Amino acid sequence: MKKLKGVIVPVALPIQQDYTLDQPALERLVRFLIRSGANGLFANGSMGAFALLTDAVQMEAINQVTALVGKQVPVLAGASDTSTTRVIEKIRLIQQLDVDAIVLLPPYYYFYQQNELLRFFLNAADHAQKPLILYENPKLVPNSLSVETIVKLAEHPNIHGIKYSGADVLHWQELLRSPLPRERFALISVAGRMTGLALQLVFDGITEGLHNMIPNVAGDLF
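Worth saying up front: this structure is predicted, and the values here are computed from it rather than measured.

Visitor: I'm lost on a nonpolar patch on the surface in this one. Help?
Guide: Taken together, Ile15, Tyr19 and Leu52 make up a surface patch of nonpolar side chains, about 300 Å² in accessible area. Assignment of secondary structure puts Leu52 in the loop between strand S2 (40–43) and helix H2 (55–69). Looking at Leu52, the relative accessible area reads 60%, which means it is exposed.

See below:
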């Protein structure tokens, strides 16, 4: 897959009161995002409320987004869950859909050491037949990846980038100075009000929930 760049919008999933998918609303949103110049869409992430939904609804959401996009832009699909076994099962299901890459948080609920997180992601990357994108979100998942672990993971040929939600600029500095294979490994910032700084520091792309409403402004900023 080509290196990710630009505005990658985390699709805010419209759902009914019974937590089933609101398909007409999702179709309007996806068409709006494509029309507004989004460079990629991320389905089944935090903005998609994946942690509130059944596995069946998560897969339906991914499938609907990929069908609506129709290869106009890359579609990334979230496979995050609480354990290796659950993640590998989600990866198996997602790979049957027409997605371009899989996005994965560290496992949550239990606490893990860096060597355990390293094994978790390497195991997932070995099972994935689609490119894997790391997802660092320390506000929601306390098992944060160290820069050393990220660098080791970037050596795996099937790990192609990181969606980075942390706002610690010293951590950014360490990450940007590290020996990452930047020719293929993308740094995607979820920096909010610090997006301008992230772009000045040469992050490859930006993503934020607000981009569902103003994708054109995000594109202009990028």
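Visitor: Honestly, the pairing of strand S7 (residues 186–189) in this entry has me stumped. Any pointers?
Guide: A regular strand carries its side chains on alternate faces of the sheet. Residue alternation in S7 divides its side chains into two sets, Ala186 and Ile188 and Leu187 and Ser189, and both sets are buried. Pairing analysis gives four bridges linking strand S6 (residues 159–164) to S7, with the strands arranged parallel. Within S7, the residue paired with Lys163 across the bridge is Ile188. Following the backbone out of S6, through helix H6 (residues 169–177) and into the adjacent parallel S7, one traces a crossover that is right-handed.

Visitor: It is not clear to me how the packing of aromatic side chains should be interpreted in this structure. Could you clarify?
Guide: Two descriptors summarise a pair of aromatic rings, namely the distance from one centre to the other and the angle between the planes of the rings. Under the definition given, this model contains four aromatic pairs. Both rings, one in Tyr109 and one in Tyr110, keep their centres 4.8 Å apart while their planes meet at 85 degrees; by these two values the pair is edge-to-face. Both residues of the pair, Tyr109 and Tyr110, belong to the exposed class.

Rules of the game
Residues numbered from 1 in each chain as written. Predicted model: local features only at pLDDT ≥ 70, side-chain atom pairs only at ≥ 80, totals over all residues. Heavy atoms only, no water. Patch = residues over 30% accessible without salt bridge, like charges linked within 9 Å, V, L, I, M, F, W, Y side chains within 5 Å. Areas by Shrake-Rupley, 256 points an atom, 1.4 Å probe, with all protein chains shown as cover. Salt bridge = Lys/Arg side-chain N within 4 Å of Asp/Glu carboxyl O. Helix = DSSP H or I, 4+ residues; strand = E, 2+ residues; numbered from the N terminus. Buried < 20%, exposed > 50% of the residue type's maximum accessible area, 1.4 Å probe, protein only. Pairing = 2+ DSSP bridges. Right-handed = clockwise from strand over helix to strand, strands pointing away. Phe/Tyr/Trp six-rings, centres within 6.5 Å; stacked < 30°, edge-to-face > 60°.

Any link to function would need more than the numbers given here.
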